[in-house]
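Listed here are the chains, written in short residue letters.
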Amino acid sequence: MMPDLLIALTMLSNFSLVATSRVSKAIQFAVFQGVLLGLMPLAMGLGRHFHIVLLAIAAVTVKGWLIPFLFRRALKQVHIQREVDPYIGYTVSLMLCALGTGLSLVLAHNLPLKPGTEYTLLVPASLATLFTGFLLLVSRRKALTQVVGYLVLENGIYLFGLLLVEDMPALVEAGILLDLFVGIFVMGIVINHIRVAFDSTDTRHLAELKD
Amino acid sequence: MLDVALVLASSGCWFAGALLSASSRPPERLATGLGLLGSLLALGASIHLLLGGSASGLTFRVWGLPARLELDALSAAFLLPLHLVGGLGLIYGQRYWPVQTPWGSGRFLRFFYGLLVAAMTLLFIARHGLVFLVAWELMAVSAFFLVGTEHERPEVRRASWVYLACTHTGTLLLTAMVILMAQRMGGLTWIALPVSTSPLFEGGILVLALAGFGFKAGVLPLHFWLPSAHASAPSHVSAILSAVMLKTGIYGLLRVSSLLPGIPRGVGGALLALGALTAVYGVGNALAQRDYKRLLAYSSIENLGIILMGVGLGWTGRATHDPWLMALGFGGALFHIWNHSLFKSLLFYGAGAVLHATGTRDMEALGGLARRMPRTALVIFPAVLAVTALPPFNAFLSEWFLYRGLFSSLARGYPWSAALGLVALALAGGLAAVAFARFFGTLFLGSPRSEVAEHAHDPAFSMLLPMAILAGLCLAVGLGSFLLLPLLDRVVAVAAPGAPALLDRGLRTDLHLLAGVELGLLVLVGAGIAWLRRPEGVVADSAQEDLPTWGCGYATTAARAQYTGSSFADAWAPVQPGLRRRMPHLRGLFPGGASFRQAFREPIGEVFLAPRVARLAERLLRFRRLQPGHLSVYLLYVLLTLLAVFLWMLLRTRLLG
């Protein structure tokens, strides 16, 4: 019951992410989603495995505290306007997101699952989150919102990993978490450099670097 | 066990030497000493094995899978020239390319030179697909950096890029070959296949080996990278590239074919014909070169063609179960590999000495060097005779093996390829004589054609010593070849499993006789020289001494009026496919000034391929639009690919049922 609720909330937050027009709102939703997913293993009743609990705590700490902290700092440093500034409008984004979610449901329906998996919503939710992350990465202009897209993408991967959480070595999950942290960290630095070089964080300017 | 460990240690020594040379203050002596130690170790192990030691192997595991290194007679036969030329090149390079130079980087050169030798050592003892490919790539890439040593010059950069593209295409084919072999052998470790089960599979392996190794060996349509790469590399590098690296292609062919249960009968004849064409083509183009290093490179193509003729003959022998043909074919090929590595490295060292002294690769700017560089001329002369296959030098004998093999092939009724081979071998020998008459005559005889040749001088002792050793070996092998017959027999037994040792029995008396005749002739020549130099011979007036060579009495204008190399080779223009000339029409009794130009363009690489590649590259420019520079677009590509994969997974079951 509890995991299904969390998954439903995750999918709902996907829609909120593509529909919101404020940068800070988008960040909040992404963080909210991350924390939800961090709690997932506990909700799935995997609290008996020590390393999974440890990872869940680490995930919640990184996604709920460290990453928002980095985001806030970046926001403060680069004085970004509050608008998300998308390539594609909000309505179209929303429809694309809905389309992606629908497609994920069809796809997950047709994918062979490991026998004995009780959470059938896990795979479609993970694919839908992946698509949403990609959509955000592709359709948003600002570097910071692209980082949000990256975060959502990683959430999708994490969700997929939950399917195999009992079989997957802790090293892999820890790797994903570290990857995410380093990714955000580096992108924060890159954003700052883009601002210094182009006096704006609009990624369109990066096309000038092409040879 | 001991032998293969020694060879492995030798590879390690070279590698360590290379690493030392790359450090910021290279301990030159230590690095050279390590390299020479490595060479001695490998030479000792190879000679021990060839003199009668048994093959030794080393089995270990790579990522949990068994792998194998093994030293057998075939490996030893290739390690021998590698470490001889490698070690001598190290000595030669000391003065030829000092560590501190204003041009290029001595450290860079030494590092990749060591790496090249270490990689080739590993290559020759690898019996595992993956180890072989890794060593092959290491060799190819270090050779790329060596060719590009003088990368400040655009033509050098171009030569090295062309080489890299070619070698990687070859590696691609070889990777496919290794995969096919792994399929057949049930693992990446190479084992001999006892019985033929699938002719298609084995045919595939053979074709891939021919194409992949052919790129390295410079077989006719795949040779176009070779001349400019050899001309661009520093001379001692050209020597090792030509003397050993090209032969890794032959080694691969011999090794892979020795693992296969049988060779289809037509393949041997076809390879023989291909070798014959390569030989004639190579020597025809060698004749047309003004750049003497390029001439040597084309001569390498010719010699590789001759070696391939031997391999083809041996394959014919294997297909028809004819031990005598196998012995003469493989034996001739291997003997020619040894001989070619001796005289070609000597020639490249000599060319390097000339280049070092004059700074130009244009033959028409030189001349009269025999007076200014007498020692160089003396040590290089045996190589010139050897490359034209004249007795008493070594290459005469290996070509004689091939002649005998071709004649017996003719007598046994495989006529067309043998007849073609005979004609080609004779033609190549004759044309090589012309090309090297041009080489030696233009460089060393006559009088200087330009200022640079005036002030040429003999190189340092450390450059002359390797050349003298090689020249001595050329003569020694020519005279003492009968001692090598049992060694060759052992190598042939590996190249053609199950071949009896026939060379020793069949050729010993002939070679004894030949050596006797040659020795007699040498004594006669020596006596003749002694008679000419007898004390009363120099009573002629001393004013004669100062006149330029071939002055013909016109002492003042002789240098410009002498025969040029190009005019010397002009009579053979029909066999020089790449030569383009612009000749002015002279009309009237008193024509005005006119000029004559001729230029050489590589017929396959530059005339045929280069414009086509350029056109293709232009067409491919359209795809640049796919790269707009926006991160979002790139991510969109990823998304679309992901979606396509998912859709395919969805539809696959529906479509394929």
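Residues numbered from 1 in each chain as written. Chains lettered and ligands numbered in written order. Predicted model: local features only at pLDDT ≥ 70, side-chain atom pairs only at ≥ 80, totals over all residues.

*Asks:* What's the story with the overall build of chain A in this structure? I'm lost.
*Replies:* The number of helices and strands found in chain A is 7 helices and 0 strands. Taken from the N to the C terminus, the helices and strands of chain A come in the order α-α-α-α-α-α-α. Residues counted as buried form 38% of the 211 residues belonging to chain A. In chain A, the proportion of contacts linking residues at least 24 apart, taken out of those at least 6 apart, comes to 73%. (Helix = DSSP H or I, 4+ residues; strand = E, 2+ residues; numbered from the N terminus. Buried ≥ 20, exposed ≤ 12 C-beta atoms within 10 Å, placed from the backbone. Contact = placed C-beta atoms within 7 Å.)

*Asks:* Where do I start with helix α3 (residues 73-96) of chain B in this structure?
*Replies:* When the terminal C-alpha atoms of α3(B) are compared, their 34 Å separation across 24 residues agrees well with the 34 Å that a helix rising 1.5 Å per residue should span. Burial analysis of α3(B) places 21 of its 24 residues in the buried class, which makes it a mostly covered element. (Expected span 1.5 Å × (residues − 1).)

*Asks:* Where do I start with the nonpolar core in this structure?
*Replies:* Nonpolar side chains in soluble globular proteins tend to end up buried together. Counting 203 residues, the largest nonpolar core has B:Leu116, B:Leu346, B:Cys474 and B:Val492 as its most contacted members. With near-sequence residues (within four places) excluded, B:Val492 lies in contact with B:Met326, B:Ala327, B:Phe330, B:Gly331, B:Ala499 and B:Leu503. If you look at the next biggest cluster of nonpolar residues, it comprises 46 residues, including A:Ala74, A:Val84, A:Leu137 and A:Ile191. (Core = buried A, V, L, I, M, F, W, Y, C linked by C-beta atoms within 7 Å.)

*Asks:* Explain the environment of B:Val147 here, please?
*Replies:* All names here are of chain B. Mapped onto the fold, Val 147 is located in helix α5 (residues 129-147). Among the residues examined, Val 147 registers 29 C-beta atoms within 10 Å and is labelled buried. Taking the C-alpha atoms as reference, Val 147 lies 6.0 Å from Ala 229; in sequence the two are 82 residues apart. Leaving out residues up to four positions away in the same chain, Val 147 has contacts with Ala 159, Ser 160, Tyr 163, Ala 229, Ser 232 and Ala 233.

*Asks:* For this particular structure, what's the right way to read the interface of chain B and chain A?
*Replies:* Frequently, the measure chosen for interface size is the accessible area removed from exposure when the parts meet. Facing the 10 residues of chain B at the interface are 12 residues of chain A. A breakdown of the residues in the side of chain B that touches chain A according to their chemical character gives 7 nonpolar, 3 polar and no charged. (Nonpolar A, V, L, I, M, F, W, Y, C, P; charged D, E, K, R; others polar.)

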